[in-house]
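Each chain is listed here by its residues.
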Amino acid sequence: QEMWAGMKVVEKKGSAQLYFDGASRNNPHGPCGYGFHIGTDDAHSCNLIQGSGYAGMERSSNEMEYEGLIEGLIWATRLDLKRLTI
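Just so you know, these numbers come straight off a predicted model, no measurement behind them.

Bringing the sheet that holds strand S1 (residues 15–24) into the picture now. Strands belonging to one sheet form pairs held by backbone hydrogen bonds; the direction of such a pair is parallel or antiparallel. Spatial strand order, S3-S2-S1-S4: 4 strands in an open sheet with mixed pairing. Every other strand in the sheet has two partners, leaving strand S3 (47–54) and strand S4 (83–85) as the edge strands with one partner each. Ignoring which end each strand starts from, the neighbouring axes of this sheet average 20 degrees apart. Pairing of strand S2 (residues 32–40) with S3 involves 7 bridges; the strand directions are antiparallel. If you follow His37 over to S3, its bridge partner there is Gln50.

Quick look at the structure:
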């Protein structure tokens, strides 16, 4: 169903699980990055989205884990899921 300005009414459906992690070598004075994975939470466990990022230097592993969570949540909102397990 079309709405104004090209927006659509979307029925949220399906469920998935979000996994994320972050790391910093020589915490916090080395190279650091994060990663995330979103997969279906049914018996077949299909990979929906995965990603990673490099964040340069001078950041802690805690900051990188938080970045992985945020990036995963951003991508999860694009999937129109009914439920997301973290």
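Time to look at the pattern of salt bridges. Applying the stated criterion across every chain yields a total of 1 salt bridge. We note a salt bridge from Glu67 to Arg59, for which the minimum N-O separation is 3.1 Å. On the accessibility criterion, Glu67 (27% relative accessible area) is partly exposed.

Let us now look at unusual backbone geometry. Where the residue is not glycine, phi is negative for most of them; where a peptide bond is considered, it is trans in most cases. In this chain, Asn27 is followed by Pro28 through a cis amide linkage whose omega measures -5 degrees. Mapping Pro28 onto the fold places it in the loop between S1 and S2. You will see that Asn26, though not glycine, has its phi angle at about 55 degrees, which is positive. On the accessibility criterion, Asn26 (59% relative accessible area) is exposed. In this structure, Glu58 takes a positive phi of about 65 degrees despite not being glycine. Looking at the secondary structure, you find Glu58 in the loop between S3 and helix H1 (61–77).

Analysis parameters
Residues numbered from 1 in each chain as written. Predicted model: local features only at pLDDT ≥ 70, side-chain atom pairs only at ≥ 80, totals over all residues. Heavy atoms only, no water. Pairing = 2+ DSSP bridges. Helix = DSSP H or I, 4+ residues; strand = E, 2+ residues; numbered from the N terminus. Axes fitted to C-alpha atoms, helices over the stretch in contact; angles between N-to-C directions. Salt bridge = Lys/Arg side-chain N within 4 Å of Asp/Glu carboxyl O. Buried < 20%, exposed > 50% of the residue type's maximum accessible area, 1.4 Å probe, protein only.

Take it as geometry only, folks, not as evidence of what the structure does.
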